Amino acid sequence: MILGFPDSRRQAMAVADVLSARYGEVGVHRFPDGESKLTLPEIKDEHIVVFRSLSNPNDKLVELLLVSRTLRNQGVRRLSLVAPYLCYMRQDFAFRPGEIVSQKVIGKFLAELFEDVVTVDPHLHRISRLEEAVPAKNPIALSAAPLFARYLEDRPDKPLLIGPDTESEQWVSAIADACGFPFAVAFKQRLGDRAVSIKTPDVHLRGQSVVLIDDVVSTGTTMIDAVAKLRVQGVKRIDVLVTHPLFVEDAVAKLRRSGVSEIGSSDSIPHATNVVYLAPILAETLRNALDYNRNPR
Ligand code: R5P
């Protein structure tokens, strides 16, 4: 069974569909004080795949704890988590004494609940492998790069792909390699949650079409500053592509006002900007790497 939640229903059902697997859903009720009351469907399988993308994560993490412990008590032997967006991966270093390295704590928490943790383009910056952050038996990091490359490859203007900071090079270069477009990476200094300063890369920009690419857009501050700096350099057209569209508050409206032509994202988080769909690569991983398909509908 693929066990989803209302907020990830469409993506979880798409994966179940590709696998011809049963889909079941956890009922979620929030009490007025913020606690969750969860209701499980009938469980008959020994291997359950829990599907939930972990944007706005705090309630969801408690709910994963409640679900996984209850499934174990009901005799489920193998629990896999598919979290296309994995939360808390950016807090990977203590910059000041006392700061908690959340990546390590949350990674271990998930590893204790699930044998398998499957995600897409996790924000691995100061470490290179998912198992360093999520020490589960079977941590799997997939890449959306081939899907983004396929989405871009027919563009006749062969745009220059630009990552807004050094961390983004891994994603931008993978997409550029796969579709044969040029790429460059800008330099970002973060000054606060909503303040960054970006220095454009030292490449020819005047008259170019550019696609800005990053793993996460949250407040949009990074992209908006990159757009402003690129426009000063005489760039002709700027589009934005992002794997994980968190887009908090009015980030999309602000991006549009900054002069971005098209905004596209993967459906790691359901959003109006989704143009790339992850179900095929998630289902293939469940089938091949996790040997999942013993319970066809
Ligand atoms: C961090 O390094 C990420 O890759 C993104 O650049 C960052 O999370 C974007 O945040 P915001 O949209 O708030 O600038």
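**Overview of the domain arrangement of the protein**
- Looking at the assigned domains, one finds that the protein contains domain 1 (2-143 + 278-288) and domain 2 (145-276).
- The straight-line distance from the C-alpha centre of domain 1 to that of domain 2 is 27 Å.
- Residue-level contacts link 17 residues of domain 1 with 19 residues of domain 2.
- Between domain 1 and domain 2, roughly 1,600 Å² of surface is buried when both sides are summed, and carbon and sulfur atoms account for 54% of that area.
- Among the residues of domain 1 in contact with domain 2, Tyr85, Asp121 and Leu278 are the three that bury the most area, contributing 34% of the side total.

**A closer look at the layout of surface pockets**
- Size it by volume and the largest pocket reaches roughly 1,500 Å³.
- In terms of lining residues, the largest pocket is bounded by 48 residues, among which Arg90, Gln91, Arg190, Asp193 and Ser218 are the most central.
- For the lining of the largest pocket, the secondary structure elements donating two or more residues are helix H2 (57-73), strand E11 (187-192), strand E13 (209-217) and helix H7 (221-232).
- Here the lining of the largest pocket takes four residues from E13, the largest share from any one element.
- Class assignment for the residues of the lining of the largest pocket results in 18 nonpolar, 15 polar and 15 charged.

**Some points on the pattern of salt bridges**
- According to the stated counting rule, one finds 23 salt bridges in the structure shown.
- The closest approach of N and O atoms between Arg52 and Glu63, which form a salt bridge, is 2.7 Å. Here the residue Arg52 occupies a position in the loop between strand E5 (47-51) and H2, and Glu63 occupies one in helix H2, the gap between them amounting to 11 residues. Take Arg52 and Glu63: they sit in the same class, and that class is buried.
- Overlapping salt bridges, with partners in common, bring together Asp7, Arg30, Arg52, Asp59 and Glu63 in one network.

**Observations concerning the packing of helix H1 (residues 9-19) against helix H9 (residues 279-288)**
- The geometry of H1 relative to H9 is characterised by a closest axis approach of 9 Å and an angle of 55 degrees between their N-to-C directions. Here H1 is positioned oblique relative to H9, judged by the angle of their axes. In terms of crossing hand, the pair formed by H1 and H9 is right-handed. Contacts from Ala14, Val15, Val18 and Leu19 in H1 reach Ala279, Leu282, Ala283, Leu286 and Arg287 in H9.
- Among the residues forming the contact of H1 with H9, the class breakdown is eight nonpolar, no polar and one charged.

**A word on the packing of helix H5 (residues 145-152) against helix H6 (residues 169-179)**
- At their nearest, the axes of H5 and H6 sit 8 Å apart, and the two run at 50 degrees to each other. In terms of orientation, H5 lies oblique with respect to H6. In the crossing of H5 with H6, the sense of the turn from one axis to the other is right-handed. Here H5 contributes Ala145, Phe148, Ala149 and Leu152 to the contact with H6, which in turn contributes Ala174, Ile175, Ala178 and Cys179.
- When grouped by side-chain class, the residues that make up the contact of H5 with H6 number eight nonpolar, no polar and no charged.

Rules used throughout
- Residues numbered from 1 in each chain as written.
- Predicted model: local features only at pLDDT ≥ 70, side-chain atom pairs only at ≥ 80, totals over all residues.
- Heavy atoms only, no water.
- Domains from an automatic or database assignment.
- Contact = heavy atoms within 4.5 Å.
- Buried area = accessible area lost by both parts, 1.4 Å probe.
- 1 Å grid on protein atoms, 1.4 Å probe; cavity = no way out; pocket = protein on both sides within 12 Å on 5 of 7 lines; lining within 4 Å.
- Points joined across faces, edges and corners; volume = space filled by probe spheres on them.
- Helix = DSSP H or I, 4+ residues; strand = E, 2+ residues; numbered from the N terminus.
- Nonpolar A, V, L, I, M, F, W, Y, C, P; charged D, E, K, R; others polar.
- Salt bridge = Lys/Arg side-chain N within 4 Å of Asp/Glu carboxyl O.
- Buried < 20%, exposed > 50% of the residue type's maximum accessible area, 1.4 Å probe, protein only.
- Axes fitted to C-alpha atoms, helices over the stretch in contact; angles between N-to-C directions.
- Parallel < 35°, antiparallel > 145°, perpendicular 65-115°, else oblique.
- Left-handed = near helix turned anticlockwise from the far one by under 90°.

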